[in-house]
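Close look at the chain arrangement
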Amino acid sequence: MSIGTAKSPKFLLVVLLPSGSPAIRYRPYLEPVVAGTALIDWAANRFAALFPCTVCHGGLDALAHAAESASASIVICCGVEAAFVPSSVLQEAVAQHLQTKAQWTTVTGLPKGIAINLYDADLLLQLRDLRLPDKPDHPLAVIRRLSAENLRRAAASEDPIYPAIRSASYRASLAVQPRVLSIQTDADVATARRAINSCGS
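Residues numbered from 1 in each chain as written. Predicted model: local features only at pLDDT ≥ 70, side-chain atom pairs only at ≥ 80, totals over all residues. Heavy atoms only, no water.

Another aspect to go through is the pattern of salt bridges. If you walk through the whole model with that rule in mind, you get five salt bridges. A salt bridge links Glu68 to Arg128; the shortest N-O distance between them is 2.9 Å. In this pair, Glu68 is assigned in helix H2 (residues 60-70) and Arg128 in helix H4 (residues 121-129), connecting sequence segments 60 residues apart. Judged by its relative accessible area of 23%, Arg128 is partly exposed. Here the salt bridges share partners, and the residues they tie into one network are Glu68, Arg128 and Asp129. (Salt bridge = Lys/Arg side-chain N within 4 Å of Asp/Glu carboxyl O. Helix = DSSP H or I, 4+ residues; strand = E, 2+ residues; numbered from the N terminus. Buried < 20%, exposed > 50% of the residue type's maximum accessible area, 1.4 Å probe, protein only.)

Among the structural elements, His97 can be located in helix H3 (residues 87-100). Within the local environment of His97, its side chain forms a polar contact with the side chain of Thr105, the two groups lying 2.6 Å apart. Excluding residues within four positions of it along the chain, His97 makes contact with Ile74, Ala102, Gln103, Trp104, Thr105, Leu118 and Asp120. (Polar contact = N/O pair within 3.5 Å; in protein donor to acceptor, adjacent residues only side chain to side chain. Contact = heavy atoms within 4.5 Å.)

When you line up the elements, Ala48 lands in helix H1 (residues 39-48). Take Ala48: its relative accessible area is 45%, and that puts it in the partly exposed class. When the C-alpha positions of Ala48 and Leu12 are compared, they lie 9.4 Å apart, and in sequence the two are 36 residues distant.

A few words now on unusual backbone geometry. One non-glycine residue with positive phi stands out, namely Ser71, at about 50°. The backbone of Ser157 shows a phi angle near 60°, a positive value even though the residue is not glycine. Within the element layout of this structure, Ser157 appears in the loop between helix H5 (139-155) and strand S8 (167-171). Judged by its relative accessible area of 69%, Ser157 falls in the exposed class.

Take a look at the structure:
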């Protein structure tokens, strides 16, 4: 099934939260950061000023389902931490993705702990439906595995397991690095609060 059109892409930004074990009690993204607003809500509101936004737990299946539900043609996938990156990075990455006609674009040049990837929704659906033993749950891991398998097969003069995926990268040029790199602990949430309060968001 094809979603959207090449002429008028429909975007969806998905804040992907770790599925995690139910035994994990501390979920930093639920902590209030400003005026009683939870970190995840603050981030989703910030993203929604740029693109339609939703929050998902999980990996490939959740992303594919979100794309289908929103009839999106391009899915921007990131964690809560990406809300601290200048919005121009997301806008420029989208422009690069469209210009190169890539199926997958990754944003490089970000501090460790912040990941932003753009996927054509059709690619997410194909990866979700792909029968692959021990298939990873994250689209990036599936793409890397398919690429490695295709290289192995090419070296053995065999046909590829999956057609080559058109990829691109956008190198973010950050004059000022985000003050929040990874949000795992209550100390990280406190840093996030200070960063949010210092910019008046």
